[in-house]
Amino acid sequence: MKLIYILLLFLFTPVLNALDSNDKSSNQFKGPSVYELDSTWINQNGVNVNLEELKGKPYIVTMAFTGCRYSCPLIIEELKRIDRKFTAKQRAQYGIIFFSIDPTNDTPSVLRAYAKKSGIDLNRWIFMTSNDETVRDLAAAVGFKYKKDAKMGFSHSNLITVLDRNGSINFQQKAINQNRTDIINALKKLLAKKKN
Amino acid sequence: MILGGACDFDCKAANDLMIQIPDGFYRPLFPERDPDLKEEIPALPVPVSSFLLDKFPVTVSEYIDFLSINKKWRKSIIPSIYADSLYLNNWEFDLEPGDLVNKKSPVTYVSWFSAKAYCAWKGKRLPTIAEWEYAASETPIEKILKWYSKPASEILPDVGLTFKNKFGTFDLHGIIWEWVLDFNSDLINEESRNGTEIERSMFCGGSSAGSSRPEDYAAFMRLAFRSSLNAKYTVSNLGFRCAK
């Protein structure tokens, strides 16, 4: 059955190429920024944060949920491994954000407790929660796929995104426990760039 | 009013009509995977609660009404996060599509964000995959595939000319493909095809293998198309209708 699916994907290759070309042919628009979304979240301290307020420094961001026992702890570990590849001076120049896709359960206090349990420095990491609509928009904007499963958890892609200072997607790592060189280099390049 | 099939009545008024879709079931193509047991849960039918669905896809004419009030979504100023550069590509001006666009046809070259905004403006929402697939499931697969295999005409026809299903909705197949709210919930993509341990590490509970309906090629094509989409993409034969 998978064979049929793969064949169908090949059938759709022209469609995919056509879709990609929409962006390549664009002269009309500047790079899209997630800060253009009207997107308000609540951080682990219960403070409202409009995404636009984050403008000014690069971020490594991921979307996940604290009730996830299998892949999400691995994502946290992945972020820590990436983070360790930078000097203290470099680390001061970017942040890391965990956007929860489970607003019902991931309240600010749950997020705070999760961060503490995971040994995370909340001076540099931000844990965010919001509502279903806001989650859906951000997920759609960064190309994150997710679905509530039968046990009221979520199936989701393991996506780690690097946002530049203006909130544009600079790089995306689509799996964990794989080669991290590209994402590290992408962030290093961003940090080396002078601020506009 | 619909007799004869042509949209020779007031399309705007007709498009405000919604059809009550009764309780029913959606049959997913793939099983889910239990994250704890690492076993697949058979693809059981998913109950769909009764809901309202637009009788027709949203037309160009209706979309002009939306743009006349909601300036942010006009093609000259829409933020680039919400739509790619082909947004309303076949339109000449912000509020005037020009002679090459049939105002009674479904609006296309719209993004997921813009479709969602239109429905919200109407006090509605986009249908989910389960709702859409259930509502559209009554059309014979052969008819759908025949349409899929035909190239789309440059100027789209009026709404109301193609298949009417048993619930009374038109054009779910036959003119355009349609956006759904959770288009990005199909986790069958390039990262999850192998069915290996690596695949299991990609998702928290998801991924799948072995379809429940290997004969439904049309549904596979829709799945593949949806999986290829990004929320800001706009395509010549992709439009939408709203639900409530």
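Okay, so let's go over this structure. Worth saying up front: this structure is predicted, and the values here are computed from it rather than measured.

1. Topic: the pattern of salt bridges
Moving on, step 1. In the structure shown here, the tally under the stated rule is 13 salt bridges over all chains.
Moving on, step 2. The partner of E78 of chain A in a salt bridge is R180 of chain A, and the shortest N-O contact between them spans 2.9 Å. Linking E78 of chain A in helix α3 (residues 71-84) with R180 of chain A in the loop between β9 (169-173) and α7 (181-192), this pair joins segments that are 102 residues apart in sequence.
Moving on, step 3. Judged by its relative accessible area of 0%, E78 of chain A is buried.
Moving on, step 4. Of the charged contacts in the structure, one is a salt bridge between R222 of chain B and E133 of chain B, with a shortest N-O distance of 2.7 Å. On the criterion of sequence distance, the pair formed by R222 of chain B in helix α7 (residues 217-228) and E133 of chain B in helix α4 (residues 129-135) is long-range, its members being 89 residues apart. Both residues of the pair, R222 of chain B and E133 of chain B, belong to the buried class.

2. Description of the pairing of β9 of chain A
Moving on, step 1. The pairing of strand β8 (residues 160-163) of chain A with β9 of chain A spans four bridges and is classified as antiparallel. Across the sheet, residue T161 of chain A finds its bridge partner in β9 of chain A, namely Q172 of chain A.

3. Some thoughts on the environment of M18 of chain B
Moving on, step 1. Following the sequence through the fold, M18 of chain B ends up in strand β1 (residues 18-21).
Moving on, step 2. For the pair M18 of chain B and G168 of chain B, spaced 150 residues apart in sequence, the C-alpha to C-alpha distance is 9.4 Å.

4. A look at the packing of aromatic side chains
Moving on, step 1. The final tally for this structure, using the stated rule, is 25 aromatic pairs over all chains.
Moving on, step 2. Plain terms: the ring middles of Y63 of chain B and F66 of chain B are 5.2 Å apart, the flat faces sit at 50° to each other, and that makes the pair tilted. With a gap of three residues between them, Y63 of chain B and F66 of chain B both fall in helix α2 (residues 60-69), about one helical turn apart.
Moving on, step 3. Assessed through its relative accessible area of 0%, Y63 of chain B is described here as buried.
Moving on, step 4. Here the aromatic residues Y63, F66, W91, Y118, W121 and F240 of chain B are joined through ring pairs into a cluster of three or more.
Moving on, step 5. Above the plane of the ring of Y94 of chain A lies R124 of chain A, whose end atom (NZ or CZ) is 5.2 Å from the centre.
Moving on, step 6. The ring of F86 of chain A carries the charged tip of K188 of chain A above its face, separated from the ring centre by 5.7 Å.

Rules and cut-offs
Residues numbered from 1 in each chain as written. Chains lettered and ligands numbered in written order. Predicted model: local features only at pLDDT ≥ 70, side-chain atom pairs only at ≥ 80, totals over all residues. Heavy atoms only, no water. Salt bridge = Lys/Arg side-chain N within 4 Å of Asp/Glu carboxyl O. Helix = DSSP H or I, 4+ residues; strand = E, 2+ residues; numbered from the N terminus. Buried < 20%, exposed > 50% of the residue type's maximum accessible area, 1.4 Å probe, protein only. Pairing = 2+ DSSP bridges. Phe/Tyr/Trp six-rings, centres within 6.5 Å; stacked < 30°, edge-to-face > 60°. Lys NZ or Arg CZ within 6 Å of the ring centre and 35° of its normal.

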